[in-house]
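# A look at the structure
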Amino acid sequence: VQLQASGGGLVQAGGSLRLSCAASGRMYSSYSVGWFRQVPGKEREFVSAINWSDRRTVYADPVKGRFTISKDNARNTVFLQMNGLKPADTAVYYCAAKFGSPASMKGMTPASGSWGHGTQVTVSS
């Protein structure tokens, strides 16, 4: 599966952005799709994930209550609604897909699964 992330941009602290991850190719029911983020000099970190066939979701603690992941199976697209953005949320955001549960994506590395190109999110203070 090929993934394309979009929707990043520059926003002031407290603002909102919605990222989209469009998938092409076959999406299996046992797939989960997730979002990760990375800043220079740091490892890529897990943000959130959703199961492709049901509504199971998981979130990293720093984004709980502020970010919401959702999907549109008909459009093969996963969204990440980001509200209450903070400067600490500034990063390149990547979407990824793999077989397994949303929780299993927490340990996903860039060497596994399918990854899209990132989209830059910059939050100014």
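Thresholds, definitions, all that
- Residues numbered from 1 in each chain as written.
- Predicted model: local features only at pLDDT ≥ 70, side-chain atom pairs only at ≥ 80, totals over all residues.
- Heavy atoms only, no water.
- Core = buried A, V, L, I, M, F, W, Y, C linked by side-chain atoms within 4.5 Å.
- Buried < 20%, exposed > 50% of the residue type's maximum accessible area, 1.4 Å probe, protein only.
- Helix = DSSP H or I, 4+ residues; strand = E, 2+ residues; numbered from the N terminus.
- Disulfide = S-S within 2.5 Å.

Let us look at the nonpolar core. Ranked by internal contacts, the top residues of the largest apolar core, which has 28 residues, are Trp35, Phe67, Val78, Leu80, Met82 and Tyr93. At the level of elements, strand S1 (2-6), strand S3 (17-24), strand S4 (31-38), strand S5 (45-51), strand S7 (67-72), strand S8 (77-82), strand S9 (91-99) and strand S11 (119-124) are the ones that each hand at least two residues to this core. Ranked by size, the runner-up nonpolar core spans ten residues in total, among them Ala49, Val58, Ala60 and Met105.

Attention now goes to the state of the cysteines. On inspection of all chains with the given rule, the structure shows one disulfide. A disulfide bridge connects Cys21 with Cys95, and the sulfur atoms are separated by 2.2 Å. One disulfide, between Cys21 and Cys95, carries an S-S torsion of 75° and so falls in the right-handed class. Remark: Cys95 occurs in strand S9 and Cys21 occurs in strand S3; sequence separation between them is 74 residues. For Cys21, a relative accessible area of 2% gives the class buried.

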